Amino acid sequence: MALFGKDKKKSDIPQIVPRHVAIIMDGNGRWAKRRGLPRTAGHAAGAETFRRVASICREWGVEYLTVYAFSTENWKRPAEEVSAIMELLRKYLLEAIAEMEKEKIRIVFFGDLSPLPAELRQLAEETVERSAKYGPCQVNICLNYGGRDELLRAARAFAADCAAGKRTPEELSETVFSNYLFSAGIPDPDLLIRPGGEERISNFLLWQAAYAEFYFSDVNWPDFDREELRKAFAAYALRQRRYGGV
Ligand code: IPE
Ligand code: IPE
Ligand code: MG
């Protein structure tokens, strides 16, 4: 029986595993609404899904998982929803710090953390510091992240380096510019998954997704499980990536 369990687990790993998976974790609110629950219950369920999916990605050998947790536009939501999301993130990070020894996942944040509640910001910094030694799986949590904001920051930083005489405009190449992004040093996403039924990018990884394969699912994020992830990987395995070639 034990052997069977072991074999079953082994064959469970998809044959083709993208090196970098990006996920727009969408549909929490609708998941809750359908159940007659407050939207915040959907965010709580979504946080659990994130934990499970990150663990499966680590188990399957994904090197980078980038998740969209809170966008620069999400501040438009009612204050109670925003603070409930912040509180969930705080709770998640506290638990993540405790769990890290087990999962050995390196955690990094993409986004401007300065407008976040001080305690959450400190926890985020502590998580990054404490998990820096872990690997090979890295999870990038996009928090107060926007693709356009990221590009503006990079342009501003490059211009500042030029003004300071550290760079010249002629030096700017795709490689140089990439190094000014939050994702500096990380390969571009291979597979971008959006659950929740919407088929749009919503300001996520605008630069990095240039050649990502897209996978849309009608399943709301809280219901996204191992089977759904396997379906996404199976669809990815059938894609022919040409990068403009033939
Ligand atoms: C995604 O779920 C979570 C965040 C954007 C923070 P939503 O809250 O957008 O859920 P829907 O799209 O309203 O169902
Ligand atoms: C994208 O979802 C942002 C996150 C999942 C964090 P949204 O729910 O904010 O996107 P739109 O508004 O439907 O485009
Ligand atoms: Mg949404």
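Let me sum up the structure you'll find in this document. (Residues numbered from 1 in each chain as written. Chains lettered and ligands numbered in written order. Predicted model: local features only at pLDDT ≥ 70, side-chain atom pairs only at ≥ 80, totals over all residues. Heavy atoms only, no water.)

1. Topic: the site of ligand 2
Move 1: Taken together, the residues surrounding ligand 2 are I24, M25, D26, Y68, A69, F70, N74, R77, R194, R200 and S202.
Move 2: In this structure, N74 approaches ligand 2 through a side-chain N or O atom, which is 3.0 Å from an oxygen atom.
Move 3: Within the side chain of S202, an N or O atom sits 2.6 Å from an oxygen atom of ligand 2.
Move 4: For ligand 2, whose free accessible area comes to 380 Å², the fraction covered by protein is 78%.
Move 5: The dominant element in the shell around ligand 2, judged by the number of residues it contributes, is strand β2 (residues 64-71), at three residues. (Near = heavy atom within 4 Å. Polar contact = N/O pair within 3.5 Å; in protein donor to acceptor, adjacent residues only side chain to side chain. Areas by Shrake-Rupley, 256 points an atom, 1.4 Å probe, with all protein chains shown as cover. Helix = DSSP H or I, 4+ residues; strand = E, 2+ residues; numbered from the N terminus.)

2. Describing the pattern of salt bridges
Move 1: The tally for this structure, following the rule as stated, stands at 28 salt bridges.
Move 2: Across the pair R90 and E87 runs a salt bridge whose closest N-O atoms are separated by 3.0 Å. With a gap of three residues between them, R90 and E87 both fall in helix α4 (residues 79-103), about one helical turn apart.
Move 3: By relative accessible area, R90 is classed as partly exposed at 22%.
Move 4: With its nearest N and O atoms 2.9 Å apart, the salt bridge here joins R167 to E171.
Move 5: Look at R167 and you get partly exposed, because its relative accessible area is 27%. (Salt bridge = Lys/Arg side-chain N within 4 Å of Asp/Glu carboxyl O. Buried < 20%, exposed > 50% of the residue type's maximum accessible area, 1.4 Å probe, protein only.)

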